[in-house]
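# Coordinates in review
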Amino acid sequence: MTSSFRGTPLRGITASVLVLSLAACTANPTPLNRPGDVPEGFTAQVAKDAPVWPQADWWASFTAEELVPLQETAAKENLDIEMAAARVLQAEANNGVALSSLFPTLGASFGADRNGGNSAVPRASNRFTAGLSASYQQNFFGLEYHNLRAARENLRSARYAQSVVSISIAAQVADQYFTILSLRERIAIGRSNIEAAQRILTVTQAKVASGVSSNLDLAEQQALVAQQQSRLPGLIQAERQARYGLAILLGRAPERYDVKGQNLDNITPPKVQPGLPSELLRRRPDIAQAEAGLYAAHANVDAARAAFFPSLGLTGDAGYGPVAAIGNLFNPAGFAWSIGASVLQTIFDGGRIGAQKDYANAVERELVANYRKTVFTAFSDVETSLDTVQSTAEQLALIETQARASREAFRISELQYREGTIDILSLLNSQQNLFNAQDALAQTKLARLQAHLALYNALGGGWEQTASDKDYKNQLDWWPL
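Bear in mind the structure is a predicted one, so any value in this text is a computation, not a measurement. (Residues numbered from 1 in each chain as written. Predicted model: local features only at pLDDT ≥ 70, side-chain atom pairs only at ≥ 80, totals over all residues. Heavy atoms only, no water.)

This part takes up the overall build of the protein chain. Scanning the protein chain from terminus to terminus reveals 10 helices and four strands. In sequence order, the secondary structure elements of the protein chain are arranged as α-α-α-β-β-α-α-α-α-β-β-α-α-α. Rg of the C-alpha trace for the protein chain: 37 Å, well past the compact-globule value of 23 Å for 481 residues, more than 25% over. Overall, the C-alpha framework of the protein chain stretches about 130 × 70 × 45 Å when taken along its three principal axes. For the protein chain, the residues scored as buried account for 41% of the 481 residues in total. Look at the contacts in the protein chain between residues 6 or more apart in sequence, and 86% of them connect residues 24 or more apart. Put simply, the protein chain shows about 25,700 Å² of open surface, and 55% of that area lies on carbon and sulfur atoms. Here the protein chain holds 42 positive side-chain charges and 46 negative ones, and the gap between their average locations is 6 Å. (Helix = DSSP H or I, 4+ residues; strand = E, 2+ residues; numbered from the N terminus. Rg over C-alpha atoms; globule rule 2.2 N^0.38 Å. Buried < 20%, exposed > 50% of the residue type's maximum accessible area, 1.4 Å probe, protein only. Contact = heavy atoms within 4.5 Å. Areas by Shrake-Rupley, 256 points an atom, 1.4 Å probe, with all protein chains shown as cover. Lys, Arg positive; Asp, Glu negative; His and termini not counted. Charge placed at Lys NZ, Arg CZ, Asp CG, Glu CD.)

Of the volumes computed, that of the largest pocket is approximately 530 Å³. Along the walls of the largest pocket sit 23 residues, with Q162, S163, S166, I167 and W463 positioned nearest its centre. At the level of elements, α2 (67-77), α4 (143-209) and α10 (465-471) are the ones that each hand at least two residues to the lining of the largest pocket. A class-by-class count of the residues in the lining of the largest pocket yields 12 nonpolar, eight polar and three charged. Taken as a whole, the second largest pocket encloses approximately 340 Å³ of empty space. Lining the second largest pocket we find 15 residues, and of these A47, K271, V389, A393 and H452 sit closest to its centre. Listing elements by their share of the lining of the second largest pocket, those giving two or more residues are α8 (352-419) and α9 (424-458). At five residues, the largest contribution of residues to the lining of the second largest pocket is made by α8. Here the residues of the lining of the second largest pocket sort into nine nonpolar, four polar and two charged. (1 Å grid on protein atoms, 1.4 Å probe; cavity = no way out; pocket = protein on both sides within 12 Å on 5 of 7 lines; lining within 4 Å. Points joined across faces, edges and corners; volume = space filled by probe spheres on them. Nonpolar A, V, L, I, M, F, W, Y, C, P; charged D, E, K, R; others polar.)

In this model, the protein chain carries an average pLDDT of 88, and 92% of its residues clear a pLDDT of 70 or more. Mean pLDDT across the secondary structure elements of the protein chain bottoms out at helix α1 (residues 8-24), with 38, and peaks at α2, with 96. Note on residues 1-25: pLDDT under 50 across the span, and 51 contacts to partners over four residues away in sequence or across chains. (pLDDT = per-residue confidence, 0-100.)

With that settled, consider helix α3 (residues 79-100). With 22 residues, α3 extends 32 Å from end C-alpha to end C-alpha; this agrees with the ideal 32 Å at 1.5 Å per step. Every buried residue belonging to α3 is among I81, A84, A85, V88, A91, E92, N95, G96, A98 and L99, and all of these are buried. For α3, the arc enclosing every buried residue in end-on projection is 165°, short of the 170-degree limit, so these residues lie on one face. More than 90 degrees from the buried face of α3, the exposed residues found are L79, N94 and V97. Against the buried residues of α3 lie α2 and α4. At the N-terminal boundary of α3, the capping side chain belongs to N78, with an oxygen 2.9 Å from the backbone nitrogen of D80. (Expected span 1.5 Å × (residues − 1). Arc of directions from axis to C-beta. Polar contact = N/O pair within 3.5 Å; in protein donor to acceptor, adjacent residues only side chain to side chain.)

As for its position among the elements, L224 is in helix α5 (residues 215-249). Classification of L224 by relative accessible area gives buried; the value is 7%. With 193 residues separating them in the primary sequence, L224 and P31 have C-alpha atoms 61 Å apart. Ignoring anything within four residues of it in the chain, the contact list for L224 reads L428, Q431 and Q432.

Here we come to the side chain of S182. Along the chain, S182 falls in helix α4. Here S182 falls in the buried class, since its relative accessible area comes to 2%. In this structure S182 touches L264, A442, Q443 and L446, once residues within four positions along its chain are discounted.

What follows deals with the sheet that holds strand β4 (residues 335-344). Pairing is antiparallel in the open sheet, where four strands are placed in the order β1-β2-β3-β4. With partners counted over all chains shown, the strands left at the sheet margins are β1 (105-115) and β4, one partner each. The mean angle between the axes of side-by-side strands here comes to 15°, regardless of whether they run parallel or antiparallel. By the bridge criterion, 11 bridges tie strand β2 (residues 125-139) to strand β3 (residues 311-323) in an arrangement that is antiparallel. Paired with S133 across the strands is D317, a residue of β3. (Pairing = 2+ DSSP bridges. Axes fitted to C-alpha atoms, helices over the stretch in contact; angles between N-to-C directions.)

It is the contact of α5 with α9, at a shortest axis distance of 10 Å, that shows an interaxial angle of 10°. Overall, the two elements α5 and α9 adopt an arrangement that is roughly parallel. Packed against α5, whose contacting residues are D217, E220, Q221, L224, Q227, Q228 and R231, the element α9 presents I424, L425, L428, Q431, Q432, F435 and N436 at the interface. Residue composition of the contact of α5 with α9, grouped by class: five nonpolar, six polar and three charged. (Parallel < 35°, antiparallel > 145°, perpendicular 65-115°, else oblique.)

Under the defined criterion, the tally for this structure stands at 11 aromatic pairs. Seen in terms of ring centroids, Y160 and W463 are 5.7 Å apart; in terms of plane orientation they differ by 80°. Their pairing is edge-to-face. Placement of the pair is Y160 in helix α4 and W463 in the loop between α9 and α10, with a sequence separation of 303 residues. Taken individually, Y160 and W463 each receive the classification buried, so the pair is uniform in this respect. The interplanar angle of 55° and the centroid separation of 5.2 Å between the aromatic rings of Y320 and F335 together place this pair among those described as tilted. Here Y320 is found in strand β3, whereas its partner F335 is found in strand β4, with 15 residues between them in sequence. (Phe/Tyr/Trp six-rings, centres within 6.5 Å; stacked < 30°, edge-to-face > 60°.)

Right, let's talk about the environment of Q71 for a bit. Along the chain, the position of Q71 falls in helix α2. For Q71, a relative accessible area of 3% gives the class buried. Apart from the residues lying within four places of it in its own chain, the contact partners of Q71 are W58, W59, A170, V173 and A174.

The next subject is the packing of α4 against helix α7 (residues 285-306). Where α4 contacts α7, the two axes come as close as 8 Å, and the packing angle between them is 165°. As far as their axial angle goes, α7 and α4 are roughly antiparallel. Taken as a pair, α4 and α7 cross one another with a handedness that is left-handed. For the contact of α4 with α7, the class distribution of residues is 14 nonpolar, nine polar and six charged. (Left-handed = near helix turned anticlockwise from the far one by under 90°.)

What follows is the structure, given as structure tokens:
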């Protein structure tokens, strides 16, 4: 039935269509076109002696050896990362589908049938056919090419989205791990204070028995012991749930999962500072993702515009038959062929093509606003994180001083209470102050680490668009170009 167009005319037609496609492209809107859209520098205080931009493996610079294997496991087994990788495969497949529309469609056929009836006339007979067919259709202004552009930008977007997920998971793993250690530290502080309170309770009971103190002193100390004991179950539950959360991030069942660390002592985050805000545009995968989505919208607008123009179609058939015997199927006398060309132009469709163009323009407008918002949010994230890093560092230094002073005050108060120079209320006040200061210290150490995690995330986690595009490997086993 068809021939397969093996001469130069097809290549010439394809090249002509692509040239017309490129000529049909229009200028795209520029999202960051207003004064001040990209500031000259960040205003928050930065560590001048710190390296610029975080390393891709920033977690290795923490003084927490257990964190490194946790990150390596998450990078390989986290289910959110796995889902993001599957979405990249889907985008690659869609790109292959869009690419296929630029090439002709070839087909082969073979048919066999037997006809007859109950009477001798007509007699039963066989018929055999075989042939090839080819068809090719392209819009004069590159509809198929613009669809391919959109598919490839969607592929870029999916890859950048995978990087967004990977960076977020790395920060979540570190956050969850530090949360576990902080809760364990707070549990240890609570138990230590319960022991101290029970020790004082024993002294108070002895004083009541000897008539030195009243039952009021005993009741107040008993109430303090019960109050501190009541805080432990909530902290223990929170620590258990944090371990469950970390197990999920590592792609594991939560039952019986555990880590070795017990506190946040000696864990210090590496210092880092941002470069210029303009450089941040190439170091945040969410900005690159928004940019790719915007380019895809531009391509869709061009495709919607091209749909107004006619399409050229070429068809061809070549084949043998029908013949009665399969041995005669490829007899030159039974060969037949045909070729044809057509131009298709929509005259009336009830406004469908115009509505599709309006929709594509509206989507483009939305994505321009989304890109601007993504960029401004990135700048805000960096400014906020820098401020939080500075404020938590200052707060931590003050609370450390408070905790040391409270510890000394409680030690002196306990001695004075044993000697009878102060009453139970003064001791209770000192003990409560110590517990609050120690608990606040553990929480502030966690807050400082979380502030640094937020900063690494805000600075792109060591990701760089140029390096990502250069090192990218297609995940499918085939690639059409």
